[in-house]
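Here is what each chain is made of, one letter per residue.
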Amino acid sequence: MYTEIKSYRIFLDSGSQKHRSFTTINLYDKADEVIGVLQFFEEEENILEPMDFDRFYIQYPISKFPYVVDILRNEKPLFVGYWENKFGKYGRICTGREPVGEAEVHERLFRDKTE
């Protein structure tokens, strides 16, 4: 099941506790409630499963942080889904369907060169 992401908040904390993500992104729904948390960890770190049942957690290596932020800033609509089955737990962020070849329009490319 997917839920539309309406807003987000990025947290870049400092600290030295083991097994804690210091880079997180909270995802909010249209009621401004936190629906999920994206956690970013060093690639080699052992990650403990969160025990908060009011929201889900999706964990990424820290190397994916710039890609996730880019998607949150530039795509619309965005959805998040989370599943648990016999193969484990996993989540995903996805865009709505977009036409093939749709490009961002850069206004300056279409201005008259005499301006």
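Residues numbered from 1 in each chain as written. Predicted model: local features only at pLDDT ≥ 70, side-chain atom pairs only at ≥ 80, totals over all residues. Heavy atoms only, no water.

Re the sheet that holds strand E6 (residues 78-85)
Condition: The criterion for strand pairing is that DSSP finds at least two bridges linking the strands in question. Each helix corresponds to a stretch of at least 4 residues labelled H or I by DSSP, and each strand to a stretch of at least 2 residues labelled E; elements are numbered beginning at the N terminus. Between the N-to-C directions of two axes lies an angle of 0 to 180 degrees, each axis being a line fitted to C-alpha atoms and, for a helix, fitted only over the stretch in contact.
As summarised here, the arrangement of the three strands in space is E1-E6-E7, forming an open sheet in which the pairing is antiparallel. The open sheet is flanked by strand E1 (2-5) and strand E7 (88-95), the only strands paired with a single partner. Pairwise comparison of adjacent strand axes, ignoring direction, gives a mean angle of 25 degrees for this sheet. Strand direction decides the pairing type here: E1 and E6, joined by four bridges, are antiparallel. Bridge pairing links glutamate 4 to phenylalanine 79 in E6.

A look at the environment of valine 68
Formally: Whether two residues touch is decided by their heavy atoms; if any such pair falls within 4.5 Å, the residues are in contact.
Among the secondary structure elements, valine 68 is positioned in helix H1 (residues 65-74). With 43 residues separating them in the primary sequence, valine 68 and isoleucine 25 have C-alpha atoms 9.5 Å apart. The residues contacting valine 68, other than those within four sequence positions of it, are Ile25, Leu38, Phe40, Tyr60 and Ile93.

What to know about the side chain of asparagine 26
Stated formally: When accessible area is computed with a 1.4 Å probe and restricted to protein chains, residues below 20% of their type maximum are described as buried, those above 50% as exposed, and intermediate ones as partly exposed.
With respect to the element layout, asparagine 26 can be found in strand E3 (residues 23-28). Using a relative accessible area of 14% as the deciding quantity, one classes asparagine 26 as buried.

Function cannot be read off these values alone, since they describe shape.
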